[in-house]
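Chain residues, written in single-letter form:
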Amino acid sequence: MAGSASHPTRLRSSRLARWYGALPRRGQTSVEVVSVLLGAPLVGFLVYAPLAFLAPPVLEVVFWVIWGSLVATAILIAMEYARANRFPEPPLPEAPGDDQLPALATVIAAYLPNEEATLMDSLRAHLALDYPHDKHLVVLAYNSPVSLPIEADLADLAAADGRFVSLKVAGSTSKVENLEAALALVGDRVEVVGIFDADHHPHPTAGRRVLQWLGDGAGEERFDVVQGQCMIRNVDESAVTRTVAAEFATLYAVAHPGRTVVNDFGIFGGSNGWWRASVITRLGLDRTRLTEDIDVTARALAAGYRLGTDPRIISSELAPATWSALWRQRVRWSQGWLEVSLAHLPRLMATSRLSAVQRRGVALLFGWRILHPWIATQMLPLVLAMSLVPGRDISWLLLFFLVSSIGVNGIPILQAIAGHRLAPPGIAGRTGLFTRFALISLVFYAEYRAVANRGAVVRHLLGASTWDVTARTGARSPGAPAERRTTGSRLAGAQVAALEAS
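Quick caveat, the model's predicted, so the values are computed rather than measured. (Residues numbered from 1 in each chain as written. Predicted model: local features only at pLDDT ≥ 70, side-chain atom pairs only at ≥ 80, totals over all residues. Heavy atoms only, no water.)

Visitor: What am I meant to see in the overall build of the chain here?
Guide: Helix and strand counts for the chain stand at 17 helices and eight strands. In terms of C-alpha radius of gyration, the chain reaches 24 Å, essentially the compact-globule figure of 23 Å for 502 residues. By the burial criterion, 53% of the 502 residues in the chain qualify as buried. Total accessible area on the chain is roughly 21,400 Å²; 63% of this is exposed by carbon and sulfur atoms. Within the chain, the 42 negative side-chain charges are centred at a point lying 7 Å from the centre of the 47 positive side-chain charges. (Helix = DSSP H or I, 4+ residues; strand = E, 2+ residues; numbered from the N terminus. Rg over C-alpha atoms; globule rule 2.2 N^0.38 Å. Buried < 20%, exposed > 50% of the residue type's maximum accessible area, 1.4 Å probe, protein only. Areas by Shrake-Rupley, 256 points an atom, 1.4 Å probe, with all protein chains shown as cover. Lys, Arg positive; Asp, Glu negative; His and termini not counted. Charge placed at Lys NZ, Arg CZ, Asp CG, Glu CD.)

See the structure below:
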């Protein structure tokens, strides 16, 4: 173990890592893309070519292992999509009446001025939740390197609406520090906490729907966490946002619900995730992680908590509008998944708190998810190496190679069909949007995402770990009206006291 742990340390202190770390961000991206697009297949070919002459049976075994893994992965994905059509209802058939609803808080983490353009609209969307005013808090926890005019607007909103608390987090440099401050403020004063990024607009029905999963009336069937569906609001801003809008529909309306049924657990996605307050307070968030949401998901699973998914708990958000911004976001996500997998996979596989079905899901999400993009690069160099041997007939291998290619490339088509049917209103039924998504995935986007996954591994091995802030625009929900850290602790305390008194 000590030897394996020292290897990445040596690599990160190597001359190669120092050269890579001195490059600008675009230069690092170029290294990542070239190394995974060309390096992985080339290394594979250089290994397979000698084996094609020296040990042909070994190479055939490798071929069938790779082929079987690709086909099995395609089948598992298809199973998830099939199960999404039969997604179960929450334990409670309806939310409790107003007099029985527990106190609820939605907390928003923001970095200003990056999210200044959309923040006020987002706060008004939170305040528009259909939930009793005396049982609802909206807490904005934000950090900013400078004082901004919007802070006066935040103070005015707090004075006008007793449900709203504005909290400037002194010394904060991260989303997690902001969330920690917000969770400390609400403490045990509420029973349910929804966590959101600053660009999110939760649907008015979200709070009541959440209680059908987390409410006391569900008894032993009660969940500890439920992740809602995130849909894209700025769909038509650019080619990138149209692509991500369709992709999110295939993820949140189809893949995540289906995977929850197949694996018997969901994941907290960082925003529009709702927790029993005592659980998230007990677990806390790890500010050292690039994806604190996946980290706390893993720790919640290890602790035996129940994590659900409900695509009918809807919140809209903004997608990155350029390919470069999307790339930085996806590489960070992928690197965060890798960090969490390395930290938690062994413990999750060993714990007795998980069933065999759940451990299989853990192995797929935290293990195979990292390996699969690399294994997928090996089929072509393997077949090319086998074709080097004079007189060898590989036509039958080419047939199976074609079958695996159809299976892998058929996934985007299946995604588009399912997303077209199950996406939320405003996205569902947009034939052109999903047709375009299928085509661009076949031509470019599926490999774009796979390269981001593999590039994240390169960044991790070379010791690069930066949080790239996703630039925000001010796109509003369809039909929404145009609306445009230190609001004092005394005001926040008075508002929380009022909630306690209720």
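Visitor: Where do I start with the sheet that holds strand β4 (residues 192–197) in this structure?
Guide: Pairing between sheet strands relies on hydrogen bonds along the backbone, with the strands arranged either parallel or antiparallel. Spatial ordering of the open sheet is given by β3-β2-β1-β4-β7-β6-β8-β5, a layout of eight strands whose pairing is mixed. With partners counted over all chains shown, the strands left at the sheet margins are β3 (164–168) and β5 (201–202), one partner each. The pairing of strand β1 (residues 104–111) with β4 spans six bridges and is parallel. In the sheet register, Leu104 faces β4, and the bridge partner there is Val192. Most of the contacts of helix α9 (residues 239–263) go to strand β6 (residues 225–232), to which it runs at about 155°, and overall it touches β6 and β8 (307–317). (Pairing = 2+ DSSP bridges. Contact = heavy atoms within 4.5 Å. Axes fitted to C-alpha atoms, helices over the stretch in contact; angles between N-to-C directions.)

Visitor: Is there a simple way to think about the packing of aromatic side chains in this case?
Guide: If you walk through the whole model with that rule in mind, you get 17 aromatic pairs. Pairing Trp337 with Phe366 gives two aromatic rings, centres 5.4 Å apart and planes at 40°, and the pair type is tilted. Placement of Trp337 in helix α12 (residues 323–350) and of Phe366 in helix α13 (residues 356–375) is noted, with a sequence separation of 29 residues between them. Considered together, Trp337 and Phe366 belong to a single accessibility category, that of buried residues. Among the aromatic residues, those joined into a cluster by ring pairs are Trp323, Trp327, Phe437, Phe444, Tyr445 and Tyr448. The ring of Phe223 carries the charged tip of Arg306 above its face, separated from the ring centre by 4.0 Å. Residue placement shows Arg369 over the ring face of Trp337; its charged tip is 4.4 Å from the ring centre. (Phe/Tyr/Trp six-rings, centres within 6.5 Å; stacked < 30°, edge-to-face > 60°. Lys NZ or Arg CZ within 6 Å of the ring centre and 35° of its normal.)

Visitor: How should a nonpolar patch on the surface be read in this particular structure?
Guide: Nonpolar side chains collect at one region of the surface, where Ile413, Ile417, Leu439, Leu442, Val443 and Phe444 lie side by side and expose about 580 Å² of accessible area between them. Mapped onto the nonpolar patch, the elements with two or more residues apiece are α15 (395–422) and α16 (431–461). Here the nonpolar patch takes four residues from α16, the largest share from any one element. Here Leu439 lies in helix α16. Of the residues examined, Leu439 reaches a relative accessible area of 52% and is grouped as exposed. (Patch = residues over 30% accessible without salt bridge, like charges linked within 9 Å, V, L, I, M, F, W, Y side chains within 5 Å. Salt bridge = Lys/Arg side-chain N within 4 Å of Asp/Glu carboxyl O.)

Visitor: What's the story with unusual backbone geometry in this structure? I'm lost.
Guide: The omega torsion of the bond from Leu112 to Pro113 falls at 10°, within 30 degrees of zero and hence cis. In this fold, Pro113 is placed in the loop between β1 and α5 (116–127). Of note in the backbone geometry, Asp264 takes a positive phi value of approximately 65° without being a glycine. With respect to the element layout, Asp264 can be found in the loop between α9 and β7 (273–276). Since its relative accessible area comes to 44%, Asp264 is described here as partly exposed.

Visitor: It is not clear to me how the pattern of salt bridges should be interpreted in this structure. Could you clarify?
Guide: A side chain with one charge can pair with a side chain of the opposite charge if their charged atoms come near. All chains considered together, the criterion is met by 24 salt bridges. The closest approach of N and O atoms between Glu89 and Arg209, which form a salt bridge, is 3.4 Å. Here the residue Glu89 occupies a position in the loop between α4 (56–84) and β1, and Arg209 occupies one in helix α8 (residues 206–214), the gap between them amounting to 120 residues. Where Arg276 meets Asp224, a salt bridge forms, and the shortest distance between an N and an O atom there is 2.3 Å. With Arg276 in strand β7 and Asp224 in the loop between α8 and β6, the pair connects residues that are 52 residues apart, well separated along the chain. Of the two residues examined, Arg276 and Asp224, each falls in the buried class. Three or more residues are tied together by salt bridges with common partners; here these are Glu89, Arg209, Asp310 and Arg312.

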